[in-house]
Amino acid sequence: MITAERKPMEEIIGSVSPYRRILLVGCNECVTVCAAGGRKEVGLLASALKMHFAKEGNPVEIEEVTLERQCDPEYVEELLPRMDQADAVLSMACGCGAQEVARRYKEKPVFPAVNTRFMGASERQGVWAERCAGCGNCVLGITAGVCPIARCSKQLLNGPCGGSTSGKCEVDPDIDCAWQLIWDRLKALGMQERYEDNIPAKDWRTGRGGGPRRIVREDLAS
Amino acid sequence: METFEPVIVAFCCHYCAYTAADMAGSMRLHYPPNVKIIRVPCSGKVDAIHIMKALEKGADGVIVAGCLEGDCHFKNGNIRAAHRVDSVRKILGDIGMGGDRVEMFTMSAGMGERFALVATEFTEKICKLGANPVKSGTDMGMHQAAC
Amino acid sequence: MAGIRSALDLAEAGRDVVLMDKAYSIGGLMTSLDRTFPTNNCDLCTLSPHLSESGRDLRIELMPLSRLDDVQGEAGEFKATVTSEPRYIDLAKCTACGECYRAFPEAVRFTPGLDHRAPTCMRYPQATPYAFSIDMERCDNIDELVRICPASAILPEDTRKTRTLDVGSIILAPGADLFNPRVLDTYQYGVLPDVVTSLDYERILSASGPTKGELLRPSNGKSPKKIAWIQCVGSRGVQKGLVSYCSSACCMYALKEAMVTRERFGGEVETTIFYMDMRTAGKDYETYLERARNEYGVRLVRSRPHTVEMEPSTGELVLSYFTYDGKVALTERFDMVVLTVGFRIGAELTEMASRLGIELNQHNFAQTGTFNPVATSRPGIYVSGLFESPKDIPATVVQASAAACCAAADLSPLRVVSRKEEELLPERDVEGEEPRIGVFVCDCGFNIGSVVNVAEIAQSMSRLPQVEVSEVVGHGCSRESIEHIQKTIRDRKLNRVVMGACSPRTHETLFQDMLRKAGINKYLLEIANLRDQDAWVHSDRPRDASAKADELMRMAVATVRHARPLTDYHLAMNKDVLVVGGGVAGMSASLSLADMGYRVFLVERSGKLGGVARNVHRTLRGEDVQAGIDALIDRTEHHDRIQVLKNAMIVDHSGMAGMFKTGIQVAPQMFYREIKHGITILATGALPNRPKEYLLGRHKAVVTQLDLDGLLARDPEAARGWNDVVMIQCVGSRVPENPNCSRVCCQAAVKNALRIRELNPDACIYVLYRDMRTAGFDEDYFRKAREQGIIFTPYDLDAKPEVEPSGDAVSVTFTDPILRRRFRLDADCLALSTGFIADEESTEDLGAIFKLPRTPDGYFLEEHVKLRPVDLPIPGFFVAGTAHAPKTIRESIAQGQAVAGRAQTLLARDVINLGAAVAQVDGTKCAACLICVRACPFGVPFINEKGYSEIDPSKCHGCGVCASECPAKAIQLMQFEDDQIMAKLEGLLERIS
């Protein structure tokens, strides 16, 4: 899941303050699940903004919409009838959603209301942690199901480094050392000998090293 | 000049705070009539949006009142409510409203006197804070929530 | 009250009940009262939902104007002969329109009040049966009477009828008479019009009374400025025509009358109560006394005035009295004098008792025993209320439920058949209709109407969109109003109703029922709490109270537009019972329920059953407590439907009425066990108090009354060596740390004093007291103690006795207020009446585990002090014994039986209604984020195979946490949907901005 967090209120207020009619668009996918941009957060933000501008004697109209998924053109198309009444769009989806709205409605300024953070998992209610860096060449098969790219502060492929103490990372004692986790899993699997294998240098071209990426499924794209 | 009579919304849980408010009635205790009670089954039912909307629509203060800690009929609804009230206070601070217009209180069903005291003191506090600044704006720009 | 409560409990438990009353409508004395303590609310409002309930319930057959002549046979199969006097009215036809009364006022029967000036002739506005009654002998033109009745309900040929009923058990709840003070010629009742009885005074205050609630002097119709109450009129007396016992309820009701007077008529009316002892010994009654004195300014004078005379020139009443401080005779002028009269048993009841063959005590009350507090001497015949002994409403209601329990046990084996379904109109489908709202505003007598301008509110609501009808109804909960509202719903095709009334906590069920019977879904209702949360709290600012009422009503109207028809959910009932606490209350409850056929788990934290009562040897009346307790323990331990778990601790709890789960740990291994049960009864008791005062625990001559009771039983010889014995009352009770009266200490002191006197006639015994609270028949022993030379000396809290060590004895210094002298004497034994203190630790733990509220002094808080004294606020929980408040063994046993009487109303059902307030998920909005799954305190939601959250309505507790946490706003809690809450806010705030 893509995780996000609402931007500081001051920044949001600053970005939309020139506009009087705002279309606030949430997304019912990842940002709903991480409680950053679903219907509820849309309602709260709309209320907060209305109050702020009313208080300033400069009231705004805010229309609230939450799309099923903001990163698909068909869903984004649903905004069309509302666009005429909007001076600007404030998106509570991840960066993908906000860009899709911007691509479709070229004449409208689009502002993000959330900071898209990372691909992560939910550790428990209200806590999410990074798990995948989208490197394009997954190594989980040889690292016992724990990703050193996303979870090691130094992205070491042959860890740990000397900063690993009692299973914690020297960067922040709240971070588990990924290589400790890898070792623990290997042991549990009875595959300690794998640890001795040297993982060769990674070809980063499958990741951001090769520029913006896209996937084309020939069978589906036709 | 007209004296300021604040409008205060009190979300009261059925099992404790609402009962305490009834108890204040049985005991014929007086508190300011500014406080209007909305009954909810549990303070944990009070949505952050409801608190925000109350203020957006012009309430000068919002009370969320639940059971004493550890006494919630639904285990921990009051604790959740307290966290939620904190987060709303933070948003209100961020938009320059100040968080003091919203407050969480706890009381047991028998505490009629506490309810009356809370209602009285909170009303005094809101009187000091003055009218909800949202009301001073002209056009409220109220639009129906569309989803 | 007692009869209605017993009948309702039994009917709810599936039994068939015949409810007889010698009057033409039921309700008894309570219906004549204006308001009742300690809540000071209007009686009609509290009683009428019950009366309407009994009028509605098909299992209860009402037999007004009837008399029980004879009972043959034995428990389980009695044949009862009943004679009913002619009413001359067909109950099925009479609409109580009042035409007969207008034409023949003298011929229509009417009971209470000062005279015929009362505004209507119904006994009270919610009369059941709701019909008139004719005295044909006083009608001079029967043909005209028949003709004038528009309903053709007059039956001139009606005759006395005799029926024989087959009944399993009989409950006697005939009440008692009030003393007529005419025999006390020095008070000149009946001679001076401004001397009234307490009942007359209630009628003057009552909205349905002769002055319509105006406080006016009967002599001249003017408002009195000074009113005096004289306590114990006819009670605690030794003269001819008086009774020696204490009537128990009068101190509280005089305080109430004085408080209501101060409240309603402000500081203009001075109120003074002349009393002998203030006997405010019930739960929280002491704080009531303090409020009367300190907040309401009711003046209390310890004295029994001897004469009331009238000053002819001014018409004022002159009261002559002495006070305890030894001053000379005083006189004081008043505008009115209220004689607080007590209860007595009339000839009618003594004759009935002899016809039925039940024994009476020396005062003609039904004879009962400590261990069988509601059983008469004839098996199968039970007694409750005033005929058992003088008492107040809460104690009466407890006995009524206890009697219902005992009566049901005689009907075993359980032969409950499925509840008769009432013929209900089919529910009208209102889907797609525009809202057609009916608004009904109660004035609730003076409760709402005297503060809030109800007519204006109704007018203002009528201007709101979609409001079809908006009107004022007197008592909305009265039978008459309910029928009117139902007719309006049908005639005007209303599909939404708003009641401006009292609290939905007490009246929602009644009004929901009203909607359902009018043919629309019961959830199309909204109640604005204009009484408890407006009129009662803003009586000082009537204009603001009206403005607030207007806003509360707008909120309700706005909300009801969004109300949806809902369906209730049901679940199978677990019929096992968990009883926590193995004292007398817990054992009585367990045995009563087990005898009815239910399986009981009795959990006791110590290694022994019996509780505090194990330390008591005899009652004041001389009954052997140990033998009684041993018998209870023996039966409890050997009952095949009771499982006793000793050394056991409650550790966790979940579920709801009908499906509780409670975890216990049992010593010594502390193994964990889970019990599934449908009902939970708390009988965890209180602790004997041992405050660190007067050298208790530091000097061997200083003991508690409980210690002394044991000492006198174990080693009676010790008492023979004592010269001086002192007892100090109210040690650690009626003080700021433990404000309430412990209720048992005065009796214990008198009991122990008499026992010492018996063992050692030469000992000097002093009892230092604040008020001697030997209520009811215990008063006889208090008198006996004084006759035997035991010296009773009052002390004040600001001049407490002083105690110092003095060798083997302790020296006690105190002031005698009559002699106005300080005394100092060496006591060989100093007995402190320390009473009870709440078991804070256990009630706090259990309160937290079971989520039950407690009073500030640590006792469990009941649902309603008068109407539901043993029900706890959470359905399925009951409380008995000293966990509720300090009480005697006898009262604890009565409560133990009463909880069984109440519990059977739930246990008799096969299913429990869970209501409709459950969470529902809109699958199209759900993002399957799991937040609800994780947030639910009861683990109910799950993600179903369709990929969205599902909530089983039969498991949902209805708290709404999931609805408020859902980030997709996909969950709504029925009855509290977001649009309803938003509508409330809009209704309140629409005119701002």
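Cut-offs used in this document
- Residues numbered from 1 in each chain as written.
- Chains lettered and ligands numbered in written order.
- Predicted model: local features only at pLDDT ≥ 70, side-chain atom pairs only at ≥ 80, totals over all residues.
- Heavy atoms only, no water.
- Helix = DSSP H or I, 4+ residues; strand = E, 2+ residues; numbered from the N terminus.
- Rg over C-alpha atoms; globule rule 2.2 N^0.38 Å.
- Buried < 20%, exposed > 50% of the residue type's maximum accessible area, 1.4 Å probe, protein only.
- Contact = heavy atoms within 4.5 Å.
- Areas by Shrake-Rupley, 256 points an atom, 1.4 Å probe, with all protein chains shown as cover.
- Lys, Arg positive; Asp, Glu negative; His and termini not counted.
- Charge placed at Lys NZ, Arg CZ, Asp CG, Glu CD.
- 1 Å grid on protein atoms, 1.4 Å probe; cavity = no way out; pocket = protein on both sides within 12 Å on 5 of 7 lines; lining within 4 Å.
- Points joined across faces, edges and corners; volume = space filled by probe spheres on them.
- Nonpolar A, V, L, I, M, F, W, Y, C, P; charged D, E, K, R; others polar.
- Patch = residues over 30% accessible without salt bridge, like charges linked within 9 Å, V, L, I, M, F, W, Y side chains within 5 Å.
- Salt bridge = Lys/Arg side-chain N within 4 Å of Asp/Glu carboxyl O.
- Domains from an automatic or database assignment.
- Pairing = 2+ DSSP bridges.
- Axes fitted to C-alpha atoms, helices over the stretch in contact; angles between N-to-C directions.
- Buried area = accessible area lost by both parts, 1.4 Å probe.
- Polar contact = N/O pair within 3.5 Å; in protein donor to acceptor, adjacent residues only side chain to side chain.
- Phe/Tyr/Trp six-rings, centres within 6.5 Å; stacked < 30°, edge-to-face > 60°.
- Lys NZ or Arg CZ within 6 Å of the ring centre and 35° of its normal.

A. View of the overall build of chain C. Looking only at helices and strands, chain C has 26 helices and 47 strands in total. Here the C-alpha radius of gyration of chain C, 30 Å, is about what a compact globule of 993 residues would show, namely 30 Å. Overall size of chain C, expressed as C-alpha extent along the three principal axes, is 90 × 80 × 70 Å. Expressed as a percentage of its 993 residues, the buried residues of chain C come to 62%. Of the contacts formed within chain C by residues at least 6 apart in sequence, a portion of 72% connects residues at least 24 apart. Just so you have it, chain C exposes about 37700 Å², and 49% of that area is on carbon and sulfur atoms. Charged side chains in chain C number 116 positive and 132 negative. The centres of these two groups are separated by 1 Å.

B. Expanded view of empty space enclosed by the protein. Under the criterion given, the structure shown has 15 cavities of 30 Å³ or more. Of the volumes computed, that of the largest cavity is approximately 400 Å³. Around the largest cavity sit 25 residues that line it, and B:Arg39, C:Pro504, C:Glu526, C:Ile527 and C:Lys984 are the ones nearest its centre. Where the lining of the largest cavity is concerned, the elements lending two or more residues are strand E2 (35–40) of chain B together with helix H13 (504–517), strand E23 (525–529), helix H15 (542–560) and helix H26 (978–989) of chain C. By residue class, the composition of the lining of the largest cavity is 14 nonpolar, six polar and five charged. Put simply, the second largest cavity is a space of about 110 Å³. If you go around the second largest cavity, you meet 17 residues; those closest to its centre are A:Cys152, A:Ser153, A:Cys161, A:Cys169 and A:Cys177.

C. Seen up close, a nonpolar patch on the surface. Where nonpolar side chains cluster on the molecular surface, the patch consists of C:Tyr324, C:Ile818 and C:Leu819 and spans about 290 Å² of accessible area. Looking at where C:Tyr324 falls in the secondary structure, it is placed in the loop between strand E15 (317–321) and strand E16 (330–334).

D. Quick look at the domain arrangement of chain C. Domains assigned within chain C are domain 1 (2–172), domain 2 (178–344), domain 3 (437–564), domain 4 (577–685 + 839–878), domain 5 (688–837) and domain 6 (918–973). Look at where the C-alpha atoms of domain 2 of chain C and domain 3 of chain C centre, and you get two points 38 Å apart.

E. Main features of the sheet that holds strand E30 (residues 671–677) of chain C. All names here are of chain C. With respect to topology, three strands assemble into an open sheet ordered E28-E29-E30, the strand pairing being antiparallel. Strand pairing shows two members of the sheet lacking a second neighbour, strand E28 (648–656) and E30, which therefore form its edges. On average, each strand axis in the sheet is tilted by 20 degrees relative to the strand beside it, whichever way the strands run. Where strand E29 (residues 659–666) and E30 come together, seven bridges link them in antiparallel fashion. Residue Thr 662 lies in a different strand from E30, and its bridge partner there is Ile 675.

F. Layout of the environment of C:Leu852. Residue and element names in this part refer to chain C. Take Leu 852: it is sitting in the loop between helix H22 (840–850) and strand E42 (877–879). C-alpha separation for the pair Leu 852 and Leu 872, spaced 20 residues apart in sequence, amounts to 7.6 Å. Discounting residues that sit within four places of it in the chain, Leu 852 has contacts with Leu 682, Gly 847, Phe 860, Leu 872, Ile 874 and Phe 877.

G. Expanded view of the pairing of strand E1 (residues 17–20) of chain C. Residues and elements named next belong to chain C. Residues of E1 alternate between two faces, with Val 17 and Leu 19 buried on one and Val 18 and Met 20 left unburied on the opposite face. Where E1 and strand E4 (residues 60–63) come together, four bridges link them in parallel fashion. What sits directly across from Met 20, in E4, is Met 63.

H. Just the interface of chain B and chain C, in detail. Taken together, the contact between chain B and chain C spans 56 residues of the former and 59 residues of the latter. Counting the surface lost from both chain B and chain C, the interface buries some 4900 Å², and carbon and sulfur atoms represent 61% of this. When the buried surface of chain B facing chain C is broken down by residue, B:Arg28, B:Lys45 and B:Lys57 rank first, second and third, together holding 15% of it. For the pair chain B and chain C, the number of links is nine salt bridges. The partner of C:Asp978 in a salt bridge is B:Lys45, with the nearest N and O atoms 3.9 Å apart. Counting across the chain B and chain C interface gives 23 residue pairs in polar contact (both at pLDDT 80 or more).

I. Layout of the sheet that holds strand E10 (residues 195–197) of chain C. Residue and element names in this part refer to chain C. Taken together, five strands build an open sheet; the order of strands is E10-E17-E11-E12-E13 and the sheet is parallel. In this open sheet, the two edge strands, each paired with only one partner strand, are E10 and strand E13 (299–302). With direction set aside, neighbouring strand axes in the sheet form an average angle of 25 degrees. Here five bridges tie strand E11 (residues 226–233) to strand E17 (residues 336–341), and the two strands are oriented parallel to one another. Considered in E17, the bridge of Ile 227 is made with Met 336. Along the sheet, helix H6 (residues 250–265) makes contact with E11, strand E12 (270–275), E13 and E17, crossing E11 at roughly 170 degrees.

J. Representation of the interface of chain C and chain A. The interface of chain C with chain A comprises 14 residues on the first partner and 11 residues on the second. Summed over both partners, the interface of chain C with chain A buries about 990 Å², with 50% contributed by carbon and sulfur atoms. The largest per-residue losses of area from chain C upon contact with chain A belong to C:Ala927, C:Arg934 and C:Pro967, which jointly make up 43% of the total buried on that side. Linking chain C with chain A are zero salt bridges, by the criterion used here. Connecting chain C to chain A are seven residue pairs in polar contact (both at pLDDT 80 or more). Where the side of chain C that touches chain A is concerned, the elements lending two or more residues are helix H24 (931–935) and helix H25 (961–965) of chain C. Residues belonging to the side of chain C that touches chain A are distributed by class as follows: eight nonpolar, two polar and four charged.

K. Up close: the packing of aromatic side chains. Applying the stated criterion across every chain, the model contains 19 aromatic pairs over all chains. Through pairs of rings, three or more aromatic residues link up here, namely A:Trp179, A:Trp183 and A:Tyr195. A cation sits over an aromatic face here: B:Arg28 above C:Trp536, 3.9 Å from the ring centre.

L. Seen up close, the environment of C:Asp429. Residue and element names in this part refer to chain C. Mapped onto the elements of the fold, Asp 429 is located in the loop between helix H9 (393–410) and strand E20 (437–442). Residue Asp 429 is classed as exposed on the basis of its relative accessible area of 59%. When the C-alpha positions of Asp 429 and Arg 890 are compared, they lie 54 Å apart, and in sequence the two are 461 residues distant.

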